[in-house]
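Fold and geometry: a report
Listed below are the residues making up each chain.
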Number of protein chains: 2
Amino acid sequence: MSLVGIYKDLKRDLNDIEKQLELTIAADHPVLYKAAFDLLKAGGKRIRPVLVLLSSQYGDKKSPSVHKTAVTLELIHMASLVHDDVIDNAELRRGKKTVKAKWDNRVAMYTGDFIFARAVDLMTDFEGAEAHQLLSAGVMEMSLGEIEQIKDQYNWQQNLRRYLLRIKRKTALLMALSCQLGAVTSGAPANVGKRLYYFGYFMGMSYQITDDILDFVSTEKQLGKPAGSDLKQGNITLPTLYALKQPEMRDRIVQVLESDLATDDDWQEVISLIKNSKAISLSQELSERYLMKAYQVLKDLPDHAATRSFRQIADYIGKRKY
Amino acid sequence: MSLVGIYKDLKRDLNDIEKQLELTIAADHPVLYKAAFDLLKAGGKRIRPVLVLLSSQYGDKKSPSVHKTAVTLELIHMASLVHDDVIDNAELRRGKKTVKAKWDNRVAMYTGDFIFARAVDLMTDFEGAEAHQLLSAGVMEMSLGEIEQIKDQYNWQQNLRRYLLRIKRKTALLMALSCQLGAVTSGAPANVGKRLYYFGYFMGMSYQITDDILDFVSTEKQLGKPAGSDLKQGNITLPTLYALKQPEMRDRIVQVLESDLATDDDWQEVISLIKNSKAISLSQELSERYLMKAYQVLKDLPDHAATRSFRQIADYIGKRKY
């Protein structure tokens with residue numbers, strides 16, 4: 001089945017989740033409501049709900065907790081995006097002005113707080129302590145990751161391990177939990193939940209590395225924000241880390257990163273240097289390695305329609321160009 | 001028993017709660033740890049833990065959930081303070097630099113997120129759904145209140161009702177929940193929990209109104225921040241609302257609030273106008289009225305050592321001068 005086929009298959013569930021998302025963020029407050037609503041409507045692929053729905057197919061996918069889990073995970077994701085934009089000082093996301101750009105940092109802080117408070121409130125209704133514990137421990141680790149992100153900004157001396165831990169906390173963890181919690185809340189066998197966690201984790205790592213590559217090699221139109229935004233915001237991602245290992249580029253990159261006076265031309269030069277170096281293919285290789293590990297996990301899962309769907313998702317992630 | 005006596009009586013419990021607070025905010029991250037630790041050490045009166053401990057005396061005060069509840073409530077309080085300082089652009093709190101002043105808004109945002117994530121994680125361990133639901137609904141309402149606070153800043157046309165709703169969400173709600181949850185988690189009778197909620201609510205309203213009065217009439221030394229800070233930050237509190245009703249002051253207050261060019265002398269003049277007007281005694285009257293309602297609730301509680309302690313706390317709140 002293709003990716004389109006997966007979405008078509010889940011359409012009824014996804015529509016219900018979408019409706020629940022809209023109801024959940026409804027607030028009797030114009031600015032807040034508009035900020036949260038715009039964020040919801042800016043879309044995204046609802047990857048986390050899709051992962052929850054697919055993994056719930058290993059258990060009783062009709063369990064009333066499944067949709068609630070999907071809504072909660074998407075809300076946590078949305079809340080973290082709004083706060084991330086403050087950290088990154090980002091003006092655009094998916095071609096739309098961010099909350100902090102449209103209003104200000106304070107509104108962004110509180111919109112995030114509000115959406116997150118709604119998610120916490122939903123979590124309360126989860127049955128069983130396990131899903132609860134997994135999710136709240138995950139949220140705690142994500143909040144640590146966001147702090148680390150501040151600390152690592154403009155720090156070109158960080159090592160690969162720090163980068164990998166950061167993207168785990170930023171992306172892979174919530175994807176891993178989406179896969180695992182779909183299984184847990186539908187009553188699937190415990191070992192299936194555990195394996196799905198690792199599938200989500202490896203896939204999420206590959207996904208984020210690809211994202212970080214695309215930030216260099218895609219066009220502004222495809223990205224919905226200027227190419228090279230990560231680097232300009234001081235966000236040192238994998239292509240930059242690999243480029244820094246190349247003596248002929250290192251000094252120039254460090255010079256621009258450390259300068260308070262770097263012009264747009266300086267940034268463009270450095271972005272272009274990285275984009276045209278072997279840092280890109282090295283990054284692609286690492287992304288590919290994570291994806292292979294994700295496929296490996298799928299081999300240990302029962303032969304099941306959901307397993308085939310997960311394989312399709314991995315195929316999509318391996319091929320995506322923006 | 002005097003207030004000192006109450007603290008002395010609860011000393012062993014409060015020490016344990018303090019230790020749990022320290023352990024809970026420990027983070028393997030220097031800036032975050034320092035920010036959270038300083039915040040913890042800046043102290044405060046640990047009013048919420050005291051309220052939890054006292055209300056747990058109506059049930060089984062040895063229940064393992066009681067201390068956890070106290071820690072959770074104090075963490076939620078701490079997290080909200082850090083985010084409030086961003087909203088209010090506050091430089092000082094209790095004589096110490098705020099997190100946002102010492103570092104910046106982003107660190108403050110993430111320190112708050114981190115402390116709050118820890119609180120959510122602790123909530124997970126609560127036994128029984130009731131405490132959970134009460135607390136998460138409360139957190140959601142607090143987050144709405146914080147948004148309203150932004151909306152109301154510098155808005156001198158707001159009415160008394162908006163002010164009262166704002167201080168409910170900012171202060172009274174968490175005090176009310178502290179009283180109620182101490183009863184709930186110790187297995188006290190349901191009607192006791194409900195009454196204690198109202199005691200905490202009325203007392204919290206009185207407490208915050210007094211706080212807002214003291215911001216005008218106390219000295220910088222007593223407050224740990226310049227007098228009149230609320231007004232300068234655009235925070236329209238009860239004394240200002242009453243002063244705005246007096247024709248001879250209204251125009252001058254509005255002029256300064258609406259001006260982008262108001263000097264320090266302008267602010268001092270307006271603060272002094274309000275401080276020396278009958279707005280202060282009118283505010284004191286309303287604070288007193290809430291306190292009377294709090295005493296009234298205590299009359300319907302069982303004759304119990306805790307009831308007497310709550311009365312002492314109400315006496316203290318009625319008399320406090322800074």
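Here the structure is a predicted model, which is why all the values come from computation and not from measurement.

What follows concerns the overall build of chain A. Each helix and strand counted, chain A has 17 helices and 2 strands in total. Projecting the C-alpha coordinates of chain A onto the three principal axes gives extents of approximately 55 × 50 × 30 Å. When the 322 residues of chain A are sorted by exposure, 59% land in the buried category. Considering only contacts within chain A whose residues lie at least 6 apart along the sequence, 74% involve residues at least 24 apart. Looking at chain A as shown, the accessible area adds up to about 13,600 Å², and 50% of this sits on carbon and sulfur atoms. Of the side chains in chain A, 45 bear a positive and 41 a negative charge, and the two mean positions are spaced by 5 Å.

A few words now on the pattern of salt bridges. When their charged atoms lie close together, side chains carrying opposite charge are able to pair. All names here are of chain A. A complete count under the given rule lists 32 salt bridges over all chains for this structure. Notably, a salt bridge pairs Arg46 with Glu74, separated by 3.1 Å at the nearest N-O pair. Linking Arg46 in the loop between α3 (30–41) and α4 (47–56) with Glu74 in helix α5 (residues 65–88), this pair joins segments that are 28 residues apart in sequence. As far as burial versus exposure is concerned, Arg46 and Glu74 are alike and both buried.

All names here are of chain A. Running from amino to carboxyl end, α3 crosses helix α7 (residues 105–123) at an angle of 75 degrees, the nearest separation of the two axes being 10 Å. Classified by the angle their axes make, α3 and α7 are roughly perpendicular. For the pair formed by α3 and α7, the contact residues are Val31, Leu32, Ala35, Ala36 and Leu39 on the first element and Val107, Tyr110, Thr111, Phe114 and Ile115 on the second. A breakdown of the residues in the contact of α3 with α7 according to their chemical character gives 9 nonpolar, 1 polar and no charged.

Taken together, the contact between chain B and chain A spans 38 residues of the former and 38 residues of the latter. Taking both sides of the interface into account, the surface hidden between chain B and chain A amounts to around 3,400 Å²; carbon and sulfur atoms contribute 70%. On the surface where chain B and chain A come into contact, there are 0 salt bridges. On inspection of chain B and its partner chain A, the count reaches 10 residue pairs in polar contact (both at pLDDT 80 or more). Counting only elements with at least two residues in the side of chain B that touches chain A, the list comes to α3 (30–41), α5 (65–88), α7 (105–123) and α8 (129–152) of chain B.

Attention now goes to the environment of Leu75 of chain A. Residues and elements named next belong to chain A. Along the polypeptide, Leu75 turns up in helix α5. Here Leu75 falls in the buried class, since its relative accessible area comes to 0%. Here the alpha-carbon distance between Leu75 and Arg118, two residues 43 residues apart in the chain, equals 7.8 Å. Sequence-distant contacts of Leu75, that is, excluding residues within four places in its chain, are made with Leu21, Thr24, Ile25, Ile115, Arg118, Ala119 and Leu122.

Let us now look at the confidence of the model for chain A. In the predicted model, chain A carries a mean pLDDT of 90, and 98% of its residues have values of at least 70. If you check the scores for this complex, the pTM reads 0.84 and the ipTM reads 0.75.

Turning our attention to empty space enclosed by the protein. Evaluated as defined, the whole model comprises 6 cavities of 30 Å³ or more. The calculated volume of the largest cavity comes to roughly 340 Å³. Around the largest cavity, the lining is made up of 23 residues, and of these Asp113 and Phe116 of chain A together with His83, Asp113 and Phe116 of chain B lie nearest the centre. For the lining of the largest cavity, the secondary-structure elements that each account for two or more residues are α5, α7 and α8 (129–152) of chain A together with α5, α7 and α8 of chain B. Considering only residue class, the lining of the largest cavity consists of 12 nonpolar, 7 polar and 4 charged.

Moving on: helix α15 (residues 264–275) of chain A. All names here are of chain A. For α15, spanning 12 residues, the distance from its first C-alpha to its last is 16 Å, which sits close to the expected 16 Å at 1.5 Å a residue. Every buried residue belonging to α15 is among Trp267, Val270, Ile271 and Ile274, and all of these are buried. Looking straight down α15, one finds its buried side chains confined to an arc of 100 degrees; they lie on one side. On its buried side, α15 packs onto α10 (190–217), α12 (229–232), α13 (238–244), α14 (247–258) and α16 (279–299).

Before going further, it helps to spend a moment on the relation of the copies chain B and chain A. With an RMSD of 0.0 Å, the operation that places chain B on chain A is a rotation of 180 degrees combined with a shift of 0.0 Å along the axis. Such a turn and shift between the copies fits a two-fold axis.

Let us look at unusual backbone geometry. Trans peptide bonds make up most of the peptide bonds, and negative phi angles are found at most residues other than glycine. The backbone phi angle of Arg46 of chain A is positive, close to 50 degrees, even though this residue is not glycine. Note on Arg46 of chain A: relative accessible area 9%, which makes it buried. Of note in the backbone geometry, Tyr154 of chain B takes a positive phi value of approximately 60 degrees without being a glycine. With respect to the element layout, Tyr154 of chain B can be found in the loop between α8 and α9 (160–185). With a relative accessible area of 37%, Tyr154 of chain B lands in the partly exposed category.

This part takes up the environment of Val86 of chain A. Tracing the sequence through the fold places Val86 of chain A in helix α5. Each C-alpha atom, one on Val86 of chain A and one on Arg106 of chain A, is 9.0 Å from the other, the two residues being 20 residues apart in sequence. Apart from the residues within four sequence positions on either side, Val86 of chain A is in contact with Lys100, Asn105 and Ala108 of chain A together with Arg106 and Met109 of chain B.

Let us look at the packing of aromatic side chains. Taken as a whole and judged by the stated rule, the model has 15 aromatic pairs over all chains. For the pair Tyr58 of chain A and Phe310 of chain A, a centre-to-centre distance of 6.4 Å together with 5 degrees between the ring planes defines the contact as stacked. With Tyr58 of chain A in the loop between α4 and α5 and Phe310 of chain A in helix α17 (residues 305–319), the pair connects residues that are 252 residues apart, well separated along the chain. The same class applies to Tyr58 of chain A and to Phe310 of chain A, which are both buried. Plain terms: the ring middles of Tyr33 of chain B and Phe37 of chain B are 5.6 Å apart, the flat faces sit at 40 degrees to each other, and that makes the pair tilted. Here the residue Tyr33 of chain B and the residue Phe37 of chain B both occupy positions in helix α3, the gap between them amounting to 4 residues, near one helical turn.

All names here are of chain B. With 15 residues, helix α2 (residues 11–25) ought to run about 21 Å at 1.5 Å a step, and its terminal C-alpha atoms sit 21 Å apart, in line with that. If you check which residues of α2 are buried, you get Leu14, Ile17, Leu21, Thr24 and Ile25. On an axial view of α2, the arc spanned by its buried residues comes to 85 degrees, and they lie on one face. Those residues of α2 that are exposed and aimed more than 90 degrees away from the buried face are Lys11, Arg12, Lys19 and Leu23. Those residues of α2 that are buried lie in contact with α1 (3–9), α3, α4 (47–56), α5 and α7.

The next subject is the packing of helix α10 (residues 190–217) of chain B against helix α17 (residues 305–319) of chain B. The description of two helices packed together rests on the angle between their axes and the distance between the axes. Residues and elements named next belong to chain B. Remark: α10 packs on α17, axes separated minimally by 10 Å, with the N-to-C direction vectors making an angle of 15 degrees. When the axes of α10 and α17 are compared, the pair comes out roughly parallel. As α10 packs across α17, the resulting crossing turns out to be left-handed. Of the residues in α17, those touching α10 at Leu196, Phe199, Met203, Ser206, Tyr207 and Thr210 are Phe310, Ile313, Ala314 and Ile317. Its residues placed into classes, the contact of α10 with α17 shows 8 nonpolar, 2 polar and no charged.

So, how was this worked out
- Residues numbered from 1 in each chain as written.
- Chains lettered and ligands numbered in written order.
- Predicted model: local features only at pLDDT ≥ 70, side-chain atom pairs only at ≥ 80, totals over all residues.
- Heavy atoms only, no water.
- Helix = DSSP H or I, 4+ residues; strand = E, 2+ residues; numbered from the N terminus.
- Buried < 20%, exposed > 50% of the residue type's maximum accessible area, 1.4 Å probe, protein only.
- Contact = heavy atoms within 4.5 Å.
- Areas by Shrake-Rupley, 256 points an atom, 1.4 Å probe, with all protein chains shown as cover.
- Lys, Arg positive; Asp, Glu negative; His and termini not counted.
- Charge placed at Lys NZ, Arg CZ, Asp CG, Glu CD.
- Salt bridge = Lys/Arg side-chain N within 4 Å of Asp/Glu carboxyl O.
- Axes fitted to C-alpha atoms, helices over the stretch in contact; angles between N-to-C directions.
- Parallel < 35°, antiparallel > 145°, perpendicular 65-115°, else oblique.
- Nonpolar A, V, L, I, M, F, W, Y, C, P; charged D, E, K, R; others polar.
- Buried area = accessible area lost by both parts, 1.4 Å probe.
- Polar contact = N/O pair within 3.5 Å; in protein donor to acceptor, adjacent residues only side chain to side chain.
- pLDDT = per-residue confidence, 0-100.
- 1 Å grid on protein atoms, 1.4 Å probe; cavity = no way out; pocket = protein on both sides within 12 Å on 5 of 7 lines; lining within 4 Å.
- Points joined across faces, edges and corners; volume = space filled by probe spheres on them.
- Expected span 1.5 Å × (residues − 1).
- Arc of directions from axis to C-beta.
- Least-squares fit on C-alpha atoms with pLDDT ≥ 70 in both.
- Phe/Tyr/Trp six-rings, centres within 6.5 Å; stacked < 30°, edge-to-face > 60°.
- Left-handed = near helix turned anticlockwise from the far one by under 90°.

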